[in-house]
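# Coordinates in review
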Amino acid sequence: MARRSQGTKLHLAVLCLVVSCHAIGLSDLMERASQRSDKLHSLSTSLNKDLDSHFPPMGRVMMPRPSMCHTSSLQTPKDKEQALRVSENELISLARSLLLAWNDPLLLLSSEAPTLPHPSNGDISSKIRELQDYSKSLGDGLDILVNKMGPSSQYISSIPFKGGDLGNDKTSRLINFHFLMSCFRRDSHKIDSFLKVLRCRATKMRPETC
């Protein structure tokens, strides 16, 4: 019931945003998107801490490098200084491309979480579902945002996800699950950073305060 209630609230929030989008200014839409991305990143950070609490001793050694994340092919600013030099249209495109690239991986994580060999798999499964809800909510909000910004901001890069199996043994499943979550945390940080830069520009804040 709690799951349904939370999903309903998010759905209603998006519906209200859709209905009233024409009456809301760009800066307010940016603020709402930034709040959602902040929650997305906070949840992913919490999940990574949960996974760290029960990680195999050799996990850090065996886990793939960050460069192996499926979104690594997308060229993005490396830090805030670089992001501040990127156009609004490109930043929103990068944020939407990264978010869309996680639809299938989040489905995989959601299906694997309930049987993950981890003592907190119930909490992990619940948080993964929350990630899916907030990802959907943020995506819907960004769709409205780009309609306000115009056609030049609507480009999205396609980033395929080829993974579909976390492995058969317990260690492989934990390591690959943790690896995907670490990739998501990295990308959610990028999304949040890009949207915060856009929010600063929309509210005409000084770049150094972004």
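This structure is a prediction, so every number in the text was calculated from the model and none was measured.

## Observations regarding the environment of Ser137
Structurally, Ser137 can be placed in helix 7 (residues 121–149). Residue classification places Ser137 among the buried residues on the basis of a relative accessible area of 2%. Along the primary structure Ser137 and Ala33 are separated by 104 residues, whereas in three dimensions their C-alpha atoms are 9.0 Å apart.

## Regarding the packing of helix 2 (residues 26–52) against helix 8 (residues 170–202)
Their axes nearest at 8 Å, the elements helix 2 and helix 8 cross at an angle of 155°. By the angle class used here, helix 2 and helix 8 are roughly antiparallel. Helix 8 is crossed by helix 2, and the crossing has left-handed handedness. Split by residue class, the contact of helix 2 with helix 8 holds 12 nonpolar, 11 polar and seven charged.

## Let's talk about the packing of helix 6 (residues 103–112) against helix 7
Each pair of packed helices can be described by the angle between their axes along with the distance between the axes. Following both chains from N to C, one finds helix 6 and helix 7 inclined at 155°, their axes separated by 9 Å at the closest point. Classified by the angle their axes make, helix 6 and helix 7 are roughly antiparallel. Regarding helix 6 and helix 7, the two cross each other, and that crossing is left-handed. On helix 7, the residues touching Asn103, Leu106, Leu107, Leu109 and Ser110 of helix 6 are Ile128, Arg129, Leu131, Gln132 and Ser135. Residue composition of the contact of helix 6 with helix 7, grouped by class: five nonpolar, four polar and one charged.

Reading the values: the criteria
Residues numbered from 1 in each chain as written. Predicted model: local features only at pLDDT ≥ 70, side-chain atom pairs only at ≥ 80, totals over all residues. Heavy atoms only, no water. Helix = DSSP H or I, 4+ residues; strand = E, 2+ residues; numbered from the N terminus. Buried < 20%, exposed > 50% of the residue type's maximum accessible area, 1.4 Å probe, protein only. Axes fitted to C-alpha atoms, helices over the stretch in contact; angles between N-to-C directions. Parallel < 35°, antiparallel > 145°, perpendicular 65-115°, else oblique. Left-handed = near helix turned anticlockwise from the far one by under 90°. Nonpolar A, V, L, I, M, F, W, Y, C, P; charged D, E, K, R; others polar. Contact = heavy atoms within 4.5 Å.

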